[in-house]
Amino acid sequence: RDMRNRLPYIRKSLMVRQCDHANKLGVSRQTICAIEKGHWDPSIKLAYKIAHFFNKSIEEVFIFDIGMEDDISET
C-alpha cells in the first residue's frame, strides 16, 4: 500500500471507539479497522470525512508515500 495513517493514534488519544467512529461515518467497524491496519485505503470522500470528524486535515491523518514512479506512466 502507498498510504499509511495516524488514525489509531488520533482516535485513541481522543478516546473514540472504533464502533462509535464507524457509526458516525456510516461505515462498518471492520472498515475502520482495515483502514487503521493499512489493509484498505479509503476513498478520498471517506478520507475527508475521517479527517473532518477529528477536525484535522487529510494530511494530518493520512501519509501518502510518494513512491509512485512505478504507478505513473510518462506520456
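From a predicted model like this one, the values you see are computed outputs, not experimental measurements.

Draft legend 1. Geometry of the nonpolar core. With 15 residues, the main nonpolar core has Leu7, Ile35, Ile50, Phe54, Val61 and Phe62 as its most contacted residues. No other element matches helix α4 (residues 44–53), which puts 4 residues into this core.

Draft legend 2. Layout of the side chain of histidine 21. As for its position among the elements, histidine 21 is in helix α2 (residues 18–25). Classification of histidine 21 by relative accessible area gives buried; the value is 0%. For histidine 21, the contacting residues outside a window of four places in its chain are Leu7, Arg11, Val16, Ile32, Ile50, Phe53 and Phe54.

Draft legend 3. Spatial organisation of unusual backbone geometry. In the Ramachandran plot, methionine 15 falls in the positive-phi region, its phi being about 55° despite a non-glycine side chain. Its location among the elements puts methionine 15 in the loop between α1 (7–13) and α2.

Draft legend 4. Here's a closer look at the pattern of salt bridges. According to the stated counting rule, one finds 2 salt bridges in the structure shown. Residue arginine 11 is joined to glutamate 36 by a salt bridge in which the shortest nitrogen-to-oxygen separation is 2.5 Å. Residue arginine 11 is located in helix α1, and its partner glutamate 36 is located in helix α3 (residues 29–36); the two are separated by 25 residues in the primary sequence. Per residue, the accessibility class of arginine 11 equals that of glutamate 36, and both read buried. Note that aspartate 20 and arginine 17 form a salt bridge whose closest N and O atoms lie 3.0 Å from each other. A relative accessible area of 33% places aspartate 20 in the partly exposed class. Arginine 17 gets classed as exposed once you look at its relative accessible area, which sits at 51%.

Conventions used here
Residues numbered from 1 in each chain as written. Predicted model: local features only at pLDDT ≥ 70, side-chain atom pairs only at ≥ 80, totals over all residues. Heavy atoms only, no water. Core = buried A, V, L, I, M, F, W, Y, C linked by side-chain atoms within 4.5 Å. Buried < 20%, exposed > 50% of the residue type's maximum accessible area, 1.4 Å probe, protein only. Helix = DSSP H or I, 4+ residues; strand = E, 2+ residues; numbered from the N terminus. Contact = heavy atoms within 4.5 Å. Salt bridge = Lys/Arg side-chain N within 4 Å of Asp/Glu carboxyl O.

Honestly, it's all geometry; don't read function into it.
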